[in-house]
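Remarks on the overall topology
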Amino acid sequence: GDSVTQMEGPVTLSEEAFLTINCTYTATGYPSLFWYVQYPGEGLQLLLKATKADDKGSNKGFEATYRKETTSFHLEKGSVQVSDSAVYFCALNKAAGNKLTFGGGTRVLVKP
Amino acid sequence: GAGVSQSPRYKVAKRGQDVALRCDPISGHVSLFWYQQALGQGPEFLTYFQNEAQLDKSGLPSDRFFAERPEGSVSTLKIQRTQQEDSAVYLCASSPRVIGQGTGELFFGEGSRLTVL
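Heads up: these notes are all about the structure in this document. A quick note: this is a predicted structure, and the numbers were derived from the prediction, not measured.

The subject of this paragraph is the pairing of strand 4 (residues 23-26) of chain A. Residue and element names in this part refer to chain A. Burial of strand 4 is one-sided: the residues Cys-23 and Tyr-25 facing one way are buried, the residues Thr-24 and Thr-26 facing the other way are not. Summarising the sheet, strand 1 (residues 3-6) and strand 4 pair through 4 bridges and their orientation is antiparallel. Bridge pairing in strand 4 places Thr-5 opposite Thr-24.

Written as structure tokens, this is what we have:
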């Protein structure tokens, strides 16, 4: 079945550091890929998405590129802020569906 | 507000009790999903509604779990005879699209945290 694997946290960084969260997936066909973020005390919200190979999703300074050859969708941000402290989830869904398959989440803590 | 609303936010139940969790989706959203999120894990799919029709309940872990959406708006997830392994956050999400039309952007509520003692 479909699955998503992402690096375990917590990831602790200083402000302005570079952030990478690795995400790889297993799926048949051509899934769409997503990063969702959960800030403390809030619900999951979509951060960015990519629907086909080589697409780059971007939002709030975060970027991720859909790499079909390596089945990866790594999340990056060049300079993190304290407000980026959250749990980040990588997810996929099949082209014909809205049912998301999530990774286990990566907690990121950014210290001033 | 205009987001997905869930209640109660926190529920403590004794083992064997029945619980009901409510979800108010965004107005007009035809698709509604329930997910279960165990501590430290990612959400896992439970069930999907398109309007009032429950089209997929493949993720419900046992027949103690039951979901309904009788008028195609508010949904209730019911868990009968709760057990300790049911302890989790139950997330509701909605979408204006139906399966086959969307690209997976779901709008999530804050969740209902269930603790079974």
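A word on the sheet that holds strand 3 (residues 19-21) of chain A. All names here are of chain A. The 4 strands lie next to each other as 3-9-8-7, forming an open sheet whose pairing is antiparallel. The strands lining the two open edges of the sheet, one partner per strand, are strand 3 and strand 7 (56-59). Here the average twist between neighbouring strands, direction ignored, is 15°. As defined by bridge partners, strand 3 adjoins strand 9 (residues 75-77) across 3 bridges and the pair is classed as antiparallel. Among the inter-strand pairings, Leu-19 is bridged to a residue of strand 9, identified as Lys-77.

This part takes up the environment of Glu-69 of chain A. Residues and elements named next belong to chain A. With respect to the element layout, Glu-69 can be found in the loop between strand 8 (62-65) and strand 9. Take Glu-69: its relative accessible area is 59%, and that puts it in the exposed class. Remark: the alpha-carbon pair of Glu-69 and Thr-26, spanning 43 residues in sequence, is separated by 12 Å.

Next up on the list: the interface of chain B and chain A. With 24 residues of chain B in contact, the opposing surface of chain A contributes 22 residues. Together, the buried faces of chain B and chain A total about 1700 Å²; carbon and sulfur atoms form 52% of this surface. Put simply, chain B and chain A have 1 salt bridge between them. One salt bridge connects Asp-56 of chain B with Lys-99 of chain A, and the closest N-O pair in it is separated by 3.1 Å. Joining chain B to chain A, the criterion identifies 3 residue pairs in polar contact (both at pLDDT 80 or more). Where the side of chain B that touches chain A is concerned, the elements lending two or more residues are strand 4 (31-37) and strand 9 (88-95) of chain B.

What counts, and at which threshold
Residues numbered from 1 in each chain as written. Chains lettered and ligands numbered in written order. Predicted model: local features only at pLDDT ≥ 70, side-chain atom pairs only at ≥ 80, totals over all residues. Heavy atoms only, no water. Buried < 20%, exposed > 50% of the residue type's maximum accessible area, 1.4 Å probe, protein only. Helix = DSSP H or I, 4+ residues; strand = E, 2+ residues; numbered from the N terminus. Pairing = 2+ DSSP bridges. Axes fitted to C-alpha atoms, helices over the stretch in contact; angles between N-to-C directions. Contact = heavy atoms within 4.5 Å. Buried area = accessible area lost by both parts, 1.4 Å probe. Salt bridge = Lys/Arg side-chain N within 4 Å of Asp/Glu carboxyl O. Polar contact = N/O pair within 3.5 Å; in protein donor to acceptor, adjacent residues only side chain to side chain.

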